[in-house]
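Here are the chains, one letter per residue:
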4 protein chains.
Amino acid sequence: MEKIKVAIVGSTGYGGVELIRFLLGHPRVEIASVISASSAGAPITEGFPHLSNLVTRPLDGVDPREIAEKADVVFTATPSGVSGKLVPQLLAAGLRVIDLSGDFRIKDGAVYETWYKHEAPEAGLLEKAVYGLSEVNGAQVKGAELISNPGCYPTATLLGLIPVLREGWIDPGSIIIDAKSGVSGAGRGTSLITHYAEINENLKVYKVNKHQHIPEIEQCLSEVAGEAVTVTFTTHLTPMTRGIMSTIYAGLKGTYTEENLVELYRQYYEGKPFVRIRESGKWPATKEVFGSNYCDIGFAADPRTGRLTIISVIDNVVKGAAGQAIQNLNLMMGWDETLGLQLSPVYP
Amino acid sequence: MEKIKVAIVGSTGYGGVELIRFLLGHPRVEIASVISASSAGAPITEGFPHLSNLVTRPLDGVDPREIAEKADVVFTATPSGVSGKLVPQLLAAGLRVIDLSGDFRIKDGAVYETWYKHEAPEAGLLEKAVYGLSEVNGAQVKGAELISNPGCYPTATLLGLIPVLREGWIDPGSIIIDAKSGVSGAGRGTSLITHYAEINENLKVYKVNKHQHIPEIEQCLSEVAGEAVTVTFTTHLTPMTRGIMSTIYAGLKGTYTEENLVELYRQYYEGKPFVRIRESGKWPATKEVFGSNYCDIGFAADPRTGRLTIISVIDNVVKGAAGQAIQNLNLMMGWDETLGLQLSPVYP
Amino acid sequence: MEKIKVAIVGSTGYGGVELIRFLLGHPRVEIASVISASSAGAPITEGFPHLSNLVTRPLDGVDPREIAEKADVVFTATPSGVSGKLVPQLLAAGLRVIDLSGDFRIKDGAVYETWYKHEAPEAGLLEKAVYGLSEVNGAQVKGAELISNPGCYPTATLLGLIPVLREGWIDPGSIIIDAKSGVSGAGRGTSLITHYAEINENLKVYKVNKHQHIPEIEQCLSEVAGEAVTVTFTTHLTPMTRGIMSTIYAGLKGTYTEENLVELYRQYYEGKPFVRIRESGKWPATKEVFGSNYCDIGFAADPRTGRLTIISVIDNVVKGAAGQAIQNLNLMMGWDETLGLQLSPVYP
Amino acid sequence: MEKIKVAIVGSTGYGGVELIRFLLGHPRVEIASVISASSAGAPITEGFPHLSNLVTRPLDGVDPREIAEKADVVFTATPSGVSGKLVPQLLAAGLRVIDLSGDFRIKDGAVYETWYKHEAPEAGLLEKAVYGLSEVNGAQVKGAELISNPGCYPTATLLGLIPVLREGWIDPGSIIIDAKSGVSGAGRGTSLITHYAEINENLKVYKVNKHQHIPEIEQCLSEVAGEAVTVTFTTHLTPMTRGIMSTIYAGLKGTYTEENLVELYRQYYEGKPFVRIRESGKWPATKEVFGSNYCDIGFAADPRTGRLTIISVIDNVVKGAAGQAIQNLNLMMGWDETLGLQLSPVYP
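Chain A goes by N-acetyl-gamma-glutamyl-phosphate reductase in an unreviewed UniProt entry, where it is assigned to Paenibacillus faecis. Check the Pathway (unreviewed entry) section of the UniProt entry for chain A; it says "Amino-acid biosynthesis; L-arginine biosynthesis; N(2)-acetyl-L-ornithine from L-glutamate: step 3/4." Turning to chain A, the UniProt annotation filed under Function (unreviewed entry) states: "Catalyzes the NADPH-dependent reduction of N-acetyl-5-glutamyl phosphate to yield N-acetyl-L-glutamate 5-semialdehyde."

1. Concerning the relation of the copies chain B and chain C
Superposition record for chain B on chain C: RMSD 0.0 Å, screw rotation 180°, translation along axis 0.0 Å. Within this description, the copies of the chain are treated as partners about a two-fold rotation axis. Rotation axis and chain B: the residue whose C-alpha lies nearest the axis is Tyr196(B), separated from it by 2.1 Å. A shared interface surface links the copies, since 100% of the contact residues of chain B are contact residues in chain C too.

2. Here's the deal with the sheet that holds strand β10 (residues 244-251) of chain B
All names here are of chain B. Read across the open sheet, the 7 strands follow the order β8-β9-β7-β10-β13-β12-β11; overall the sheet is mixed. Single-partner strands in this sheet number two, and they are β8 (204-206) and β11 (275-277). In this sheet, neighbouring strand axes are inclined to one another by 20° on average, regardless of whether the strands run parallel or antiparallel. Where β10 meets strand β13 (residues 307-314), 8 bridges bridge the pair, whose relative direction is antiparallel. Bridging across to β13, Tyr249 finds its partner in Thr309.

3. Observations concerning unusual backbone geometry
Geometrically, the link from Tyr347(C) to Pro348(C) is a cis peptide bond, its omega value of 0° lying close to zero. With respect to the element layout, Pro348(C) can be found in the segment after α11 (318-333). With a phi angle near 60°, Asn209(A) is a residue other than glycine that sits in the positive phi range. Phi is positive for Lys207(D), which is not a glycine, with a value near 50°. On the secondary structure map, Lys207(D) appears in the loop between β8 (204-206) and α9 (214-225).

4. Quick word on the environment of Gly41(D)
All names here are of chain D. Checked against the element boundaries, Gly41 lands in the loop between β2 (29-35) and α2 (64-70). According to the relative accessible area criterion, Gly41 is exposed, its value standing at 56%. For the pair Gly41 and Gly81, spaced 40 residues apart in sequence, the C-alpha separation works out to 24 Å. In this structure, Gly41 is in contact with Pro58 and Leu59, ignoring residues within four places of it in sequence.

5. Quick word on the pattern of salt bridges
Applying the stated criterion to the full structure yields 64 salt bridges over all chains. Across the pair Asp60(A) and Lys70(A) runs a salt bridge, and its minimum N-O distance is 2.9 Å. Placement of Asp60(A) in the loop between β2 (29-35) and α2 (64-70) and of Lys70(A) in helix α2 is noted, with a sequence separation of 10 residues between them. Here Asp60(A) falls in the buried class, since its relative accessible area comes to 15%. Notably, a salt bridge pairs Glu145(B) with Lys128(B), separated by 3.7 Å at the nearest N-O pair. Note that Glu145(B) is positioned in the loop between α6 (134-141) and β6 (146-148) and Lys128(B) in helix α5 (residues 123-128), a separation of 17 residues in sequence. Overall, the relative accessible area of 43% leaves Glu145(B) in the partly exposed class. Lys128(B) sits in the partly exposed class, given a relative accessible area of 37%.

6. Looking at the relation of the copies chain B and chain A
Note on the copies: chain B fits chain A at an RMSD of 0.0 Å, the axial shift is 0.0 Å, and the rotation between them is 180°. The fraction of interface residues of chain B whose copies in chain A are also interface residues reaches 100%, indicating that both copies meet through the same surface.

7. Side note on the UniProt feature "active site" (unreviewed entry) in chain A
All names here are of chain A. Those residues carrying the UniProt feature "active site" (unreviewed entry) are Cys152 in this numbering. With respect to the helices, strands and loops of the structure, Cys152 is situated in helix α7 (residues 152-166). Beyond its immediate stretch of four places on either side in the chain, Cys152 contacts His213, Ile244, Ile314, Asn316 and Gly320.

8. So, the interface of chain B and chain A
Interface size, as often reported, equals the accessible area lost upon joining of the parts. Taken together, the 49 residues of chain B in the interface contact 49 residues of chain A. Across the interface of chain B and chain A, roughly 4,000 Å² is buried in total on both sides, 54% from carbon and sulfur atoms. The largest share of the area that chain B buries against chain A comes from Glu201(B), Leu203(B) and Arg304(B), three residues that together contribute 18% of it. Summed over the shared surface of chain B and chain A, the result is 4 salt bridges. Linking chain B with chain A are 36 residue pairs in polar contact (both at pLDDT 80 or more). Its residues assigned to classes, the side of chain B that touches chain A comprises 22 nonpolar, 15 polar and 12 charged.

9. Side note on the environment of Gly173(D)
Residues and elements named next belong to chain D. With respect to the element layout, Gly173 can be found in the loop between α7 (152-166) and β7 (176-181). The exposure class of Gly173 is partly exposed, given its relative accessible area of 46%. Between the alpha carbons of Gly173 and Ser11 there is a distance of 40 Å; along the sequence they are 162 residues apart.

10. Notes on the pairing of strand β10 (residues 244-251) of chain D
Residue and element names in this part refer to chain D. With respect to burial, β10 is a largely interior element, 8 of its 8 residues being buried. Burial along β10 is two-sided: Ile244, Ser246, Ile248 and Ala250 and Met245, Thr247, Tyr249 and Gly251, pointing in opposite directions, are all buried. In the sheet, β7 pairs with β10 via 6 bridges, with the strands oriented antiparallel. Paired with Ala179 across the bridge in β10 is Ser246.

Analysis parameters
Residues numbered from 1 in each chain as written. Chains lettered and ligands numbered in written order. Predicted model: local features only at pLDDT ≥ 70, side-chain atom pairs only at ≥ 80, totals over all residues. Heavy atoms only, no water. UniProt positions renumbered as here; feature names shortened; annotations may be inferred. Least-squares fit on C-alpha atoms with pLDDT ≥ 70 in both. Contact = heavy atoms within 4.5 Å. Pairing = 2+ DSSP bridges. Helix = DSSP H or I, 4+ residues; strand = E, 2+ residues; numbered from the N terminus. Axes fitted to C-alpha atoms, helices over the stretch in contact; angles between N-to-C directions. Buried < 20%, exposed > 50% of the residue type's maximum accessible area, 1.4 Å probe, protein only. Salt bridge = Lys/Arg side-chain N within 4 Å of Asp/Glu carboxyl O. Buried area = accessible area lost by both parts, 1.4 Å probe. Polar contact = N/O pair within 3.5 Å; in protein donor to acceptor, adjacent residues only side chain to side chain. Nonpolar A, V, L, I, M, F, W, Y, C, P; charged D, E, K, R; others polar.

Here you go:
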């Protein structure tokens, strides 16, 4: 089986090493270059000894032409603001790009600049970029040149909300998202917010109604609902390394049972192997998807209040970043979307 | 200074040993008897070596008459269902009782039975029991014979909601409570839900809209609002030992800023040393109250959605159990409510 | 490629589900039966929802004849004492057995009974069982009918000690092993020692010089040294789910540098892909092998004291149990020993 | 009761805020100044909201004369290298000093410089400084002007070793110390070694035979033994916030039972309320001293190997830093050594 060659920019971040973990076992991919702006020339095992014997080439620097000589597709696991400038050069060099920063997710440059506080990439590229929520936009991803990989919170939240919103079962104005994340979501940079002694045995709220994933969620929900949707969105930092849980609340527009919901979701996600719907009365926990590309979803419909509670969990580093990026590579190439991703969650 | 004598039934649970920790430093209290139905005769240090040299008397059995001979006031840190039967005997023996089980919190026996699945105590006792939410019901607690100590979730939630609900700033029908707890809330009993390997690096949802603290919260909120209040209530198990965070959502009935809220709450809790209101733009984390009797509260008012988010945190074992029970003892006796409770949170 | 059929007895323990995780991706294996004495008839996803969509057959009961009809090889991930009785029946039914209990590790039945407090299996079987320390005994494992899979502590300790002991560089009478384990090593059974609130933010010592892995370590070291070796062995419970670290101390019999040691170990483990030797001045951490079959080893030789410190880490559930069992299956069948095990550690 | 006035330099480190936690409840102390070189002028609650309502004065800058005007005694919880320069100025300004850095612990300046890589303070001050291992050097601490507070590892290790070494029961050349610490020991500075995602679910070794606490331990043990003692010393970073465990190995010079050891230690530490000796067959866990000034010690004497294993645990932030510093203040002033320190461990 012929292999394509891929490069990874931002190899020394958590998204980058997770791409490596999965791509090492991908039957159609050869890792042609692992790239780090800050550590070029050093072995990646200096910072990540867990890759000893697995990745032996030294880290390359960021040179679009050199990347294009070595690779066909490039993953950019770079901070927001960096990708916006780098990606146009990579595309110009003839590469196909899967971008894990947030720079190409918001179609409206002005909205991007309000939430991200950076200058937006040029409008043409924003339009060209396909939003890679694999289960929903798979058809557009196929053959795309630039894929904007969704954020971690949006992935868990959108997969949990879209079927019921699309069906008109909930009031679009009533959506409240109480989201919780493990600490790896903050990246490998050091700061007080990632200091062990500050986070262990602690539960913190941050960026209430201010998180830059809000416009991404609202853009997608508005499209599904056919009207402008505004959400209340709270993010919590939980004392664990991986995992996101979105606990989503919405008012039901009719009398729907949990069984109705299970059926609706199982139909909507039929043939989508990475979404698993729990039966009525069961809800997923983050550890049940740890290390895997699954998104698990459960429901509670409360007749006392007429509200629906949706629980949606992912591993933020996998389905919320590297895993979905590889799923998008598979879709982009027209392959089986599970290639390289068929790993069971690690439990316990 | 003369001391009163207290007994603790249920000394070998987490609430029990926390009562001991604080009461050892209480200037007006002598611990006259530490009681355990299951371990009578053994030293408490067998199960709790951290109390070595601190508690040297052996555990006593549960004998109401014997307790009444030794003590003036008794804390019952017993499972729900047990207190309902034991407390009448303790009262009959002439003791004053502070009950930490849920058995005397719900005024309506039928409602109790629906949520607790036990037979309710007799109606007379339910009526007699004062609900010991110290900051709110301090006046009734003074001189009471039977105090029903609030649950951990209700304490964090009610202290966070009452001022704004009482003032009519929020829509009583819009309240959604997303609550998170550390594992100690499940008690010391062994089960899969408290197994380290199942909980570590995991975030779980349980009892969605089914938790027995719901009627307790609704009873109190309904009284404050002057109308029946029904809430959506989700409980999460978080990988930490102590701490509760209630993230509370409600629709605002007018345009209130965070500064308005801070001012309202600081006024309402003036002279209440255990409630601390964060300034606008800051929210409390559970570790900021770890090991202490504080309840810390912060706000976010979202002009985009017209919703208010309230963050309220406590240490579930202290303000959510033993600490508030001692605060109620202080109020009951007419003492300064901070006696024995003036400990700073342990940080980090 | 033709597949063999395997059965797993004890599927609902941590060793069992980890066997399933790896075997699902093994190119030469079909899981023919997942077996649980306690949960026969139920779906395994009831207790382990992380396996949703991955294992759909219900659990089978323990019936040696039925197992032999379905499978060629059986893994027994059963408690010690149970395997001793079951394995003879499985062998009699014509199955090849890889046993993960400790029942067949100690060649001398009397020694077994002293440390395990059970009756030993019959001497003939003890003799027949091949001790499956894959890197050391690979030749004997090939073609064996009964493999006794090593314990978790012995695996980390023996791989760390054998090269230097065999070479005569250390004093066999001076060996001290300070071992630390994550909580999953205690299994899924519920008890106070696995209660989250008791273990989190805690470091505990247990079974000092009394652990049943001592005779297993001494038996193997004595064979290597050609003389009776007695060790000091302490086990610690660490607040993490997976991982074992053996910190091993021994007196050096000559002046050996860390470079000498690195060279010796790299030579000894040449062609053994699952042992990785850190260069001088670097030591492995447990997370660097998390979820993988690696054993990583590092050294410090102290000229001030003439002592050698060896740091050896594994994932107790993988190289210390399920992973090495599959490695032994591969060796037994004459396959490449890495089949199904080529997973990178999960980091972070 | 008259109070003395104290100042704390380094208030915004973990040692500093722990001094505040205990001193707030000290009956003979008034906190006159909380000082931070980096945050002077700001409220301490900006970085430490857990102190809300408890510490309301803004942070002062580091000015020896100003400190001397406000306070009688000063705690210097500063990094090593800083204290060496600051303390002479504080003494010159007429203050008594309790120093928590390591700068005055090593009597031999040359040895200090080898291990600390800074210039040593002048010899006269090194001589003047009393090493404040409270239980051992209490007599010299009384009335001292400059106390050098012991390191965290040395405190746990020395209290565990001194009685048996002094009695001549162990071979001084055989001592091996396997030490484990929580992450708070690394301070509040941010670096990869304190990053949550790197430490959680991880056990790491660092500074094998290279830790700067080695000369401190050896200096004290040599004095006790009356001969030069050299130790093997390994430090491990454990996924918890607080706690140190020293697992100490030594060869016994005679046949001593665990009962003999318990008796010896209970005699040696008679009248020392902060050392608790476990009975034979029980060993302390770090959580049993969490948040308190206790050092708990247990033993295993192994007749098979003739070796003694000593387990000694402390809370590194309390008995290993702030708590012992206050104990030394009490001794220095001639007060009961438990003043302000009578807090039970926080459990669970």
